[in-house]
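Working through the structure, step by step
Now for the letters of each chain:
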Amino acid sequence: MTHLELHLLATPRATPELRHHLRDHTYEVRLCATELLTNAIEHVGEGTPVTVRVIGGQAHGRTRIEVTDSDPLTAPALLPATETEESGRGLALLDALADRWGVDQGPDRKTVWCEIAHHALHEEPSPRTALPMPLMGL
């Protein structure tokens, strides 16, 4: 099973570093991971030590992303964002992309996580099995 564990400081500079480490993962995995990290920066505080874990991958059919920080009291909440607000869409995006997400809280930490299922891609029909296209206007 693919497993990545990174110990980072939650800073804006950590976001591209995280994306670099996830370059072999899908766009959805990279986006959800950076959204979880950005939430830690915004709501727990810049410079907070975090642990990012990515478990699984396309070959396993599912990827779990976890971001753990040392603030058990600040839990994320999915709030509606209006068109005029400059922030607040990260969890809505995560909610739309992930199959499920949640928060595990402990006495001295919390882990915000999400899981993304990788569905089989449908192949294009081969030329031998493709249905003929009707001729229009002839």
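To keep things clear, this report deals only with the structure shown in the data block. Here the structure is a predicted model, which is why all the values come from computation and not from measurement.

Brief notes about the sheet that holds strand S3 (residues 62-69)
The five strands are arranged S1-S2-S3-S5-S4 in an open sheet whose pairing can be described as antiparallel. Strands at the two margins of the open sheet, each flanked by one partner only, are strand S1 (3-9) and strand S4 (100-105). Across the sheet, the axes of successive neighbouring strands diverge by a mean angle of 15°, strand direction being ignored. Sheet analysis places S3 next to strand S5 (residues 110-117), joined by eight bridges and oriented antiparallel. What sits directly across from Thr-68, in S5, is Thr-111. This element, helix H1 (residues 14-21), spans S1 and strand S2 (49-57) of the sheet and lies at about 170° to S1.

A closer look at the environment of Ile-116
Relative to the helices and strands, Ile-116 resides in strand S5. Of the residues examined, Ile-116 reaches a relative accessible area of 4% and is grouped as buried. Along the backbone, Ile-116 and Gly-56 are 60 residues apart, and their C-alpha atoms lie at a distance of 9.7 Å. With sequence-adjacent residues up to four places away left out, Ile-116 is seen in contact with Glu-28, Val-29, Cys-32, Gly-61, Arg-62, Thr-63, Ile-65, Leu-97, Ala-98 and Asp-99.

Quick look at the pairing of S1
Residues Leu-4, Leu-6 and Leu-8 point to one face of S1 and are all buried, whereas His-3, Glu-5, His-7 and Leu-9, pointing to the other face, are not buried. With seven bridges joining them, S1 and S2 adopt antiparallel strand pairing. Looking at S2, one finds that Leu-6 is bridged to Val-52.

Focus on the environment of Leu-31
When you line up the elements, Leu-31 lands in helix H2 (residues 27-43). Distance from Leu-31 to Leu-97, taken between C-alpha atoms, is 9.0 Å for residues 66 residues apart in sequence. Those residues in contact with Leu-31 that sit more than four places away from it in its chain are Leu-93 and Leu-97.

Observations concerning the packing of H1 against H2
The description of two helices packed together rests on the angle between their axes and the distance between the axes. Contact geometry for H1 and H2: axes closest at 10 Å, N-to-C directions at 155°. Our classification of the angle between H1 and H2 gives roughly antiparallel. Seen from above, H1 lies across H2 with right-handed handedness. Listed contacts from H2 to Ala-14, Thr-15, Leu-18 and Arg-19 of H1 are Arg-30, Ala-33, Thr-34, Leu-37, Thr-38 and Ile-41. In the contact of H1 with H2, the residues fall into five nonpolar, three polar and two charged.

Quick look at the nonpolar core
By size, the foremost hydrophobic cluster in this structure holds 25 residues, and its most contacted members are Val-50 and Ile-65. Mapped onto this core, the elements with two or more residues apiece are S1, H1, H2, S2, S3, helix H3 (90-97) and S5. Apart from residues lying up to four places away in sequence, Ile-65 is in contact with Val-29, Cys-32, Ala-33, Leu-36, Arg-53, Val-54, Val-112, Trp-113, Cys-114 and Ile-116.

Thresholds applied
- Residues numbered from 1 in each chain as written.
- Predicted model: local features only at pLDDT ≥ 70, side-chain atom pairs only at ≥ 80, totals over all residues.
- Heavy atoms only, no water.
- Pairing = 2+ DSSP bridges.
- Helix = DSSP H or I, 4+ residues; strand = E, 2+ residues; numbered from the N terminus.
- Axes fitted to C-alpha atoms, helices over the stretch in contact; angles between N-to-C directions.
- Contact = heavy atoms within 4.5 Å.
- Buried < 20%, exposed > 50% of the residue type's maximum accessible area, 1.4 Å probe, protein only.
- Parallel < 35°, antiparallel > 145°, perpendicular 65-115°, else oblique.
- Left-handed = near helix turned anticlockwise from the far one by under 90°.
- Nonpolar A, V, L, I, M, F, W, Y, C, P; charged D, E, K, R; others polar.
- Core = buried A, V, L, I, M, F, W, Y, C linked by side-chain atoms within 4.5 Å.

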